[in-house]
Amino acid sequence: MIEAVRAGRVESPAALVGFVLGTARNVMREHYKKLQRSEPIEERDFAAPPSTVVDHTIRRALELVMRKLKPRERDFVKLYYYDELSKSEISRRLGIDEDRLRLVKSRTLKSFREMYLRLTGD
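Residues numbered from 1 in each chain as written. Predicted model: local features only at pLDDT ≥ 70, side-chain atom pairs only at ≥ 80, totals over all residues. Heavy atoms only, no water.

(A) Focus on the overall build of the chain. Looking only at helices and strands, the chain features 6 helices and 0 strands. Taken from N to C terminus, the helices and strands of the chain fall in the order α-α-α-α-α-α. For the chain, buried positions account for 25% of its 122 residues. For the chain, the exposed area adds up to about 8900 Å²; of that, 54% sits on carbon and sulfur atoms. (Helix = DSSP H or I, 4+ residues; strand = E, 2+ residues; numbered from the N terminus. Buried < 20%, exposed > 50% of the residue type's maximum accessible area, 1.4 Å probe, protein only. Areas by Shrake-Rupley, 256 points an atom, 1.4 Å probe, with all protein chains shown as cover.)

Structure (structure tokens):
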């Protein structure tokens, strides 16, 4: 890549910076996810992914909503959105059928949305 830049074969060297930074960010994100998957669910900090820049008030609202969710709902959010596991793996870990998981997902998202909107006033 460097040789191509030096030889003038790259049309937009400035765009290369964004490409390299984006690639590095994705590699770091994947590394973080692998580390997180090796930790027990109960010991993780789920306030916000470290690669995401989140306003402090939003982060605080997310923390409060996660604490207020029922344990099964909280586990679902962690497994689905943070660990990005498949629905079959989540249903196995939660000990429920995949059909029941759909119901858990819709109720969880509804509860999460309502609590978040109450906290933020949006």
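(B) Region of the structure containing the packing of helix α3 (residues 56–68) against helix α6 (residues 98–120). For the pair α3 and α6, interaxial distance at closest approach is 9 Å and the crossing angle is 135°. Of the possible angle classes, the one that applies to α3 and α6 is oblique. Considering how the two elements wind past one another, α3 and α6 form a crossing that is right-handed. For the pair formed by α3 and α6, the contact residues are Ile 58, Ala 61, Leu 62, Leu 64, Val 65, Met 66 and Lys 68 on the first element and Phe 112, Met 115, Tyr 116, Leu 119 and Thr 120 on the second. A breakdown of the residues in the contact of α3 with α6 according to their chemical character gives 10 nonpolar, 1 polar and 1 charged. (Axes fitted to C-alpha atoms, helices over the stretch in contact; angles between N-to-C directions. Parallel < 35°, antiparallel > 145°, perpendicular 65-115°, else oblique. Left-handed = near helix turned anticlockwise from the far one by under 90°. Contact = heavy atoms within 4.5 Å. Nonpolar A, V, L, I, M, F, W, Y, C, P; charged D, E, K, R; others polar.)

(C) Region of interest: the nonpolar core. One finds Phe 76, Ile 90, Leu 94 and Leu 101 to be the most contacted residues of the largest nonpolar core, which totals 15 residues. If you list the elements that add at least two residues to this core, you get α3, α4 (71–82), α5 (87–94) and α6. The dominant element in this core, judged by the number of residues it contributes, is α6, at 4 residues. Not counting the four nearest positions on each side in its chain, Ile 90 is found in contact with Phe 76, Leu 79, Tyr 80, Leu 85 and Leu 101. (Core = buried A, V, L, I, M, F, W, Y, C linked by side-chain atoms within 4.5 Å.)

(D) How the structure looks around the pattern of salt bridges. All chains considered together, the criterion is met by 4 salt bridges. Of the charged contacts in the structure, one is a salt bridge between Glu 63 and Arg 60, with a shortest N-O distance of 3.1 Å. You can see Glu 63 and its partner Arg 60 sitting in helix α3, 3 residues apart, about one turn around the helix. Classification of Arg 60 as partly exposed rests on a relative accessible area of 37%. In this structure, the salt-bridge partner of Arg 93 is Glu 89, at a minimum N-O distance of 2.9 Å. Of this pair, Arg 93 and Glu 89 are both found in helix α5, 4 residues apart, which corresponds to roughly one turn of the helix. A relative accessible area of 22% means that Glu 89 is categorised as partly exposed. Beyond isolated ion pairs, a larger network of salt bridges with shared partners links Glu 89, Arg 92 and Arg 93. (Salt bridge = Lys/Arg side-chain N within 4 Å of Asp/Glu carboxyl O.)

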